[in-house]
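Letter by letter, the chains look like this.
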Amino acid sequence: MPECDSIFGVRLLHVVRSTVMGNSQCLGLKDGLQVWFSHFSFVHILNLMPPAGTTEPFDISMSQPSTSTTEKWWAYLFAICILGIAAVTVSLINSTELPQTIIGALLGVAMTVFATYFLFKGQSKQQIALLEQQSQQQVELLNKQTEFERRQKKESETFKQQLHTYNNFLDALCAYVTDSTESNKKSLIFHTMAIRMHAAPDTVQQFISNVSKIIQVTGNKEKTEMTDLVNALHSISALFHAQLYDTTTETKQVDLKEFIDAIANSLEEPSEEEKRQESLEEEKEDEAAMAINAPGSWEAKVNELAARGWMLKEGNDSFILTSAASPVVISVNRKKGKYAIEASKEGDNDFSQNLKDTFGGARRYGTWWRELPISNYGVKGGTLLAQLPVNDRARTSVVKWIDKLLDSGNV
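Draft legend 1. Layout of the overall build of the protein chain. Across its full length, the protein chain holds 13 helices and six strands. Counting all 411 residues of the protein chain, 28% fall into the buried class. A sequence separation of at least 24 residues applies to 58% of the contacts in the protein chain between residues at least 6 apart. When the accessible surface of the protein chain is totalled, it reaches about 26,400 Å², and 57% of it is carbon and sulfur.

Okay, here's the thing in structure tokens:
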């Protein structure tokens, strides 16, 4: 290719010299341009042909000249224009000033075209660079967005797994506290160890300490131990909250006193089977008592109570006993369709707890009660006050419980 360029340059100079000097034996300008165009076609084809030794097919329509080759041909074209204009100028040198003016204008146009070409070329490079920069920024932004979405998805899955693990643990702990079987014990061990996957060692240590407290108080119903149970569960819940929502400090402490009082003094009632067993025991006791001593009259018992400072007040199918020396109120009334002996001491939750621990039955806050079997003795609803003076078995049962309560030391 360099040899072809040299031959072309020599022939082109020869054409220009011949045109300028008026040599009729030399090639004219038209012939020179034809030579140049032939050279251009030849060189262009050489550039498009594949290297020797290759087997790739030759496709002119699909090939494009490189940027450097295009710029070289533009330079050639500009040089030819300048040389052509110079030749015409020399041939018309003897004319008037009009040809010189025209030639000057043509030179100005040529220079303008040349300058405009390079100006556009510079702008195109700037645009390409800007487009490449914008494309790079878009790729970086897309990568960042993809990474953010991936991390967000991972955090969401982790949160779901943590929440599932914590809920499973609480279910296992609840099952163990309510029913301390060997199966529930093993289940609690596995769910407790699962917490280790989602928490740091310090957090796990606090967690284990609170679980140990719960295990120690399981099965106990004292108020102080119920308080320990509630506090331990609250601490575990706070640890779970900190792990799930990435909080390390509590902005406001939770006051559990009201909840502890409510749960410790909430309704505690025996099951139907336990009630049935209590009723059978009652009937046996009543039969034994009647076999030892014949029951006294109801009126005599009322007078005896009055002598001890307990006044009886009849109600609607019920009665109550009160004493000016005691805040305790004893009564017999109907609860859930059955008669029951009841004792209450306002503002003293321990009073009902002590009676429940001693006599069984049910309690709620400061009130204790236990069902009586007198319905099995022929005392139907609405007949209590009428049956007590005449029904020995019913009277024996009621008097027995009044004496138990007065002699218990709690009244």
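Draft legend 2. Just the packing of aromatic side chains, in detail. A full pass over the atoms with the stated rule returns eight aromatic pairs. Arranged with centres 6.0 Å apart and planes meeting at 90 degrees, the rings of Phe 169 and Phe 240 form a pair that is edge-to-face. Separated by 71 residues along the polypeptide, Phe 169 in helix α4 (residues 97-178) and Phe 240 in helix α7 (residues 223-245) bring together distant segments of the chain. A single burial state applies to Phe 169 and to Phe 240, both of which are buried. Taken together, Tyr 166, Phe 169, Phe 207 and Phe 240 form an aromatic cluster joined through their ring pairs. The side chain of Lys 335 reaches across the aromatic face of Trp 369, ending 4.9 Å from its centre. One residue, Lys 404, lies across the ring of Trp 401, its end atom 4.3 Å from the ring centre.

Draft legend 3. Spatial organisation of empty space enclosed by the protein. Going through the model one piece at a time under the given rule, you end up with three cavities of 30 Å³ or more. Of the pockets and cavities examined, the largest cavity occupies roughly 110 Å³. Along the wall of the largest cavity there are 13 residues; nearest its centre are Glu 269, Lys 275, Trp 369, Arg 370 and Glu 371. Along the lines of polarity and charge, the residues of the lining of the largest cavity split into four nonpolar, one polar and eight charged.

Draft legend 4. The sheet that holds strand β3 (residues 326-335), seen in detail. The strand order β1-β2-β3-β4-β6-β5 describes an open sheet built from six strands, whose pairing is antiparallel. The sheet is open, and its two edges are formed by β1 (310-314) and β5 (362-364), each paired on a single side. Between one strand and the next, the sheet's axes are offset by a mean angle of 20 degrees, whatever the strand orientation. In terms of strand pairing, strand β2 (residues 319-323) meets β3 through four bridges, oriented antiparallel. Within the sheet, the bridge partner assigned to Leu 321 lies in β3 and is Ile 330.

Draft legend 5. Broad picture of the confidence of the model for the protein chain. Confidence along the protein chain averages 75 in pLDDT terms, with 72% of residues attaining 70 or more. Below pLDDT 50 for its whole length, residues 1-65 participates in 46 contacts with residues either more than four positions away or in separate chains.

Draft legend 6. A look at the pattern of salt bridges. Counting across every chain of the model gives 19 salt bridges. Note that Lys 185 is salt-bridged to Glu 182, the shortest N-O span being 3.9 Å. With a gap of three residues between them, Lys 185 and Glu 182 both fall in helix α5 (residues 182-194), about one helical turn apart. The exposure class of Lys 185 is partly exposed, given its relative accessible area of 36%. One salt bridge in this structure joins Glu 285 and Lys 404, with 3.4 Å as the shortest N-O distance. Of this pair, Glu 285 sits in helix α9 (residues 272-292) while Lys 404 sits in helix α13 (residues 392-407), placing them 119 residues apart in sequence. On the basis of relative accessible area, Glu 285 is assigned to the partly exposed category, the value being 35%. Here Lys 404 falls in the partly exposed class, since its relative accessible area comes to 26%. A cluster of three or more residues bridged by salt bridges with shared partners is formed by Glu 278, Glu 282, Glu 285, Asp 286, Arg 370, Lys 400 and Lys 404.

Draft legend 7. Representation of a nonpolar patch on the surface within the structure. On the surface, Ile 189, Phe 190 and Met 193 cluster together to form a nonpolar patch covering roughly 370 Å² of accessible area. Along the chain, Phe 190 falls in helix α5.

Draft legend 8. Structural context of helix α11 (residues 349-359). Turning to α11, its buried residues are Phe 351, Ser 352, Gln 353, Leu 355, Lys 356 and Phe 359. Looking at the packing, one finds that the buried side of α11 touches β3, β4 (338-344), β5, β6 (367-371) and α13. N-cap assignment for α11: the residue whose side-chain oxygen lies 3.2 Å from the backbone N of Asp 350 is Asp 348. Phi for Gly 360, located one or two positions after α11, is positive at around 75 degrees.

Draft legend 9. Geometry of the nonpolar core. Core analysis: the largest hydrophobic core is formed by 28 residues, its most contacted members being Phe 319, Ile 341, Ile 374 and Val 398. Listing elements by their share of this core, those giving two or more residues are α10 (298-307), β2, β3, β4, α11 and α13. Ranked by residues supplied to this core, first place goes to α13 with seven residues. In this structure, Ile 374 is in contact with Tyr 339, Val 379, Leu 384, Ala 394, Ser 397 and Val 398, ignoring residues within four places of it in sequence. Among the nonpolar cores identified, the runner-up in size contains 18 residues, and Ala 172, Phe 207, Ile 214 and Phe 240 belong to it.

Draft legend 10. Up close: the environment of Ser 187. By secondary structure assignment, the location of Ser 187 is in helix α5. The spatial distance from the C-alpha of Ser 187 to the C-alpha of Phe 169 is 8.8 Å, given a sequence separation of 18 residues.

Draft legend 11. Geometry of the packing of α9 against α13. Interhelical geometry of α9 versus α13 gives an angle of 100 degrees and a closest axis separation of 10 Å. Taken together, the axes of α9 and α13 are roughly perpendicular relative to one another. Every residue of α13 that contacts α9 at Glu 282, Glu 285, Asp 286, Glu 287, Ala 289 and Met 290 is listed here: Asp 392, Arg 393, Thr 396, Ser 397, Lys 400, Trp 401 and Lys 404. In terms of residue class, the contact of α9 with α13 is built from three nonpolar, two polar and eight charged.

Cut-offs used in this document
- Residues numbered from 1 in each chain as written.
- Predicted model: local features only at pLDDT ≥ 70, side-chain atom pairs only at ≥ 80, totals over all residues.
- Heavy atoms only, no water.
- Helix = DSSP H or I, 4+ residues; strand = E, 2+ residues; numbered from the N terminus.
- Buried < 20%, exposed > 50% of the residue type's maximum accessible area, 1.4 Å probe, protein only.
- Contact = heavy atoms within 4.5 Å.
- Areas by Shrake-Rupley, 256 points an atom, 1.4 Å probe, with all protein chains shown as cover.
- Phe/Tyr/Trp six-rings, centres within 6.5 Å; stacked < 30°, edge-to-face > 60°.
- Lys NZ or Arg CZ within 6 Å of the ring centre and 35° of its normal.
- 1 Å grid on protein atoms, 1.4 Å probe; cavity = no way out; pocket = protein on both sides within 12 Å on 5 of 7 lines; lining within 4 Å.
- Points joined across faces, edges and corners; volume = space filled by probe spheres on them.
- Nonpolar A, V, L, I, M, F, W, Y, C, P; charged D, E, K, R; others polar.
- Pairing = 2+ DSSP bridges.
- Axes fitted to C-alpha atoms, helices over the stretch in contact; angles between N-to-C directions.
- pLDDT = per-residue confidence, 0-100.
- Salt bridge = Lys/Arg side-chain N within 4 Å of Asp/Glu carboxyl O.
- Patch = residues over 30% accessible without salt bridge, like charges linked within 9 Å, V, L, I, M, F, W, Y side chains within 5 Å.
- Polar contact = N/O pair within 3.5 Å; in protein donor to acceptor, adjacent residues only side chain to side chain.
- Core = buried A, V, L, I, M, F, W, Y, C linked by side-chain atoms within 4.5 Å.
- Parallel < 35°, antiparallel > 145°, perpendicular 65-115°, else oblique.

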